[in-house]
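Here is how the chains run, residue by residue.
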Amino acid sequence: MKPLKRIFVVGGELTTFIGKGHPDFVWKKHPDFGKRENPTLEQYLTQAINGALEKTGVDAEAIDRGFVGNFAGELFNSQGHLGAMAVRANEKLVGKPFTRLEGACASGGLAILSAMDALHAGSDVVMAVGAEVQTTVSAREGAGYLARASHWEEERSIDEFTFPAMFARRAKHYKEAFGVTDEDIAHVTVKAYENANKNPKAHMCKVSWDLESASKPGDRNPAFLGNEDLKPHLKVSDCSQVSDGGAAVILATEEGLKKLGKKPEDCIEVLAYSQATSPLGQVKDYTVLDNTKMAADQVYADAGITPEQVQVAEVHDCFAVTELLMYEALGFAEKGRGAELARAGETSLTGKIPVNTGGGLLAFGHPVGATGVKQLLEIYRQMKGQCGDYQLAERPEIGLTANMGGDDRTTVCIALKDVR
Ligand code: ACO
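Bear in mind the structure is a predicted one, so any value in this text is a computation, not a measurement. (Residues numbered from 1 in each chain as written. Predicted model: local features only at pLDDT ≥ 70, side-chain atom pairs only at ≥ 80, totals over all residues. Heavy atoms only, no water.)

## Looking at unusual backbone geometry
(1) Moving on: With a phi angle near 50 degrees, S78 is a residue other than glycine that sits in the positive phi range.
(2) Moving on: A relative accessible area of 67% places S78 in the exposed class.
(3) Moving on: One non-glycine residue with positive phi stands out, namely D408, at about 60 degrees.
(4) Moving on: Here D408 lies in the loop between strand 8 (398-405) and strand 9 (410-418).
(5) Moving on: Among the residues examined, D408 registers a relative accessible area of 0% and is labelled buried. (Buried < 20%, exposed > 50% of the residue type's maximum accessible area, 1.4 Å probe, protein only. Helix = DSSP H or I, 4+ residues; strand = E, 2+ residues; numbered from the N terminus.)

The following block contains the structure:
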């Protein structure tokens, strides 16, 4: 969709993403164990919402509506009804319409889409917030919760780690079809951790992988699937993180900017946005993200841009192989040639199309409902020169996000342009 009126991203805030491997995350061997607890879902929502208001200097009173992205609060946190939970963050939000959106790992992207639809429908200033807390249970139990984003009856039995197994299946088919190796895929992991090591907000800000260790199973890098056929195709280093965190952005129309006393140049602009949805459990070809391609083709057509014009992208790397498939679905590489792009360093901070500059889902982390919101904010931060040690040498002018739910069943793409 090409916006019917101009839509601006005013800015926002994200919390630090934490979980196992992050120095602040309390677990049983942490020195703070028993002395303090990790933040709750409500605390992440509150931090993100008030952080976004503070960072942008927007008074909560000016927010017309709000949309909350969260996948599985009922399962991980015994908490639903998150619109009403979000307005606890700030008394000036009380009474305002806040609504929760769910589309698996694309929940954050859907919150942004709904915010933009609300701007079309007459609102002037809208907030999109996303949050997830997943570390309340073990990775294995959490995998069962995340499996609710698959077709439970048909797909749950693939493995107790359902999503890791589904993407191991994609890795298997992709490697067999195009002669791609585990080392090719490991380039994505190494880049993600290198970027995250420059990013103080990243879950994996202090953990690194070298190419050799990320290329093969080992003590630190178990191939952990129970499904014997798929087990050789996925290791811990291929996986995104079980993270907790939140992110919020504020979007506005031109009228909204006037109310906020802001200029377009303070913002970035939405060129176009799209959503594609495909039937659960019916992947036709494991070597392509065809749902994402539909969303991407639409967003390029509506934005009037080509993949070659994109100068920075945030793509959904839920597993390392997914990032390669994303390069192809988004037109950065031809079919079967995504690995060459990664191998040549073209998607690194100094490459021709930097992807996931803050570490992506693999190493920045993946607090599911927050991810789509964080992606938009990352493009904003790169365009406005706010990325610190991972800031690109030249501030990008055109950017793209691709936020995916399930096994490529829901995808949200947003094309963005800096206003200078
Ligand atoms: N040797 C052999 N096996 C091992 C070893 C070892 N040294 N260490 C662990 N394992 C096995 C065990 O079977 C273990 O499970 P168990 O403890 O229940 O028996 C399993 O590996 C996982 O190990 P954990 O220590 O629990 O793993 P950790 O907490 O470090 O998590 C993991 C790693 C499993 C990769 C986790 O980060 C994960 O699940 N990531 C993916 C999250 C996900 O699927 N998100 C949704 C994406 S889908 C989308 O976005 C569209």
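## Things to note about the site of the ligand
(1) Moving on: Close to the ligand lie 20 residues; R140, F224, S240, H316 and H366 are nearest.
(2) Moving on: Measuring from an oxygen atom of the ligand, one finds a side-chain N or O atom of K20 at 3.0 Å.
(3) Moving on: Backbone polar atom of D219 to a nitrogen atom of the ligand: 3.3 Å apart, as the coordinates give it.
(4) Moving on: If the ligand stood free it would expose 1000 Å²; the protein chains cover 68% of that surface.
(5) Moving on: Of all the secondary-structure elements, those providing two or more residues to the shell around the ligand are helix 5 (139-146) and helix 7 (162-178).
(6) Moving on: Classifying every residue of the shell around the ligand by side-chain character gives 13 nonpolar, four polar and three charged. (Near = heavy atom within 4 Å. Polar contact = N/O pair within 3.5 Å; in protein donor to acceptor, adjacent residues only side chain to side chain. Areas by Shrake-Rupley, 256 points an atom, 1.4 Å probe, with all protein chains shown as cover. Nonpolar A, V, L, I, M, F, W, Y, C, P; charged D, E, K, R; others polar.)

## Describing the pattern of salt bridges
(1) Moving on: Applying the stated criterion to the full structure yields 28 salt bridges.
(2) Moving on: Between K259 and D124 there is a salt bridge, with its nearest N and O atoms 2.7 Å apart. Residue K259 is located in helix 10 (residues 254-260), and its partner D124 is located in the loop between helix 4 (107-120) and strand 4 (125-132); the two are separated by 135 residues in the primary sequence.
(3) Moving on: A relative accessible area of 57% places K259 in the exposed class.
(4) Moving on: Notably, a salt bridge pairs K384 with D418, separated by 2.7 Å at the nearest N-O pair. Highlighted residues: K384 in the loop between helix 15 (368-383) and strand 8 and D418 in strand 9, separated in sequence by 34 residues. (Salt bridge = Lys/Arg side-chain N within 4 Å of Asp/Glu carboxyl O.)

## Thoughts on the state of the cysteines
(1) Moving on: The full count for this structure, using the stated rule, is zero disulfides.
(2) Moving on: Residue C267 stays outside any disulfide, its sulfur separated by 17 Å from that of C387, the closest cysteine. (Disulfide = S-S within 2.5 Å.)

## Regarding the packing of aromatic side chains
(1) Moving on: Evaluated as defined, the whole model comprises five aromatic pairs.
(2) Moving on: An angle of 80 degrees between the planes, with centres 4.9 Å apart, marks the rings of F161 and F224 as edge-to-face. Pair noted here: F161 is in the loop between helix 6 (152-155) and helix 7 and F224 is in the loop between helix 9 (211-215) and strand 5 (245-252), with a separation of 63 residues, a long-range link.
(3) Moving on: Among the residues examined, F224 registers a relative accessible area of 22% and is labelled partly exposed.
(4) Moving on: Above the face of the W152 ring, R148 is positioned so that its terminal group lies 4.4 Å from the ring centre.
(5) Moving on: Over the face of the ring belonging to W209 we find R220, whose NZ or CZ atom lies 3.6 Å from the ring centre. (Phe/Tyr/Trp six-rings, centres within 6.5 Å; stacked < 30°, edge-to-face > 60°. Lys NZ or Arg CZ within 6 Å of the ring centre and 35° of its normal.)

## Focus: the environment of D244
(1) Moving on: In this fold, D244 is placed in the loop between helix 9 and strand 5.
(2) Moving on: Distance from D244 to F161, taken between C-alpha atoms, is 19 Å for residues 83 residues apart in sequence.
(3) Moving on: Among the polar contacts made by the side chain of D244, one reaches the main-chain amide nitrogen of Q134 at a distance of 2.8 Å.

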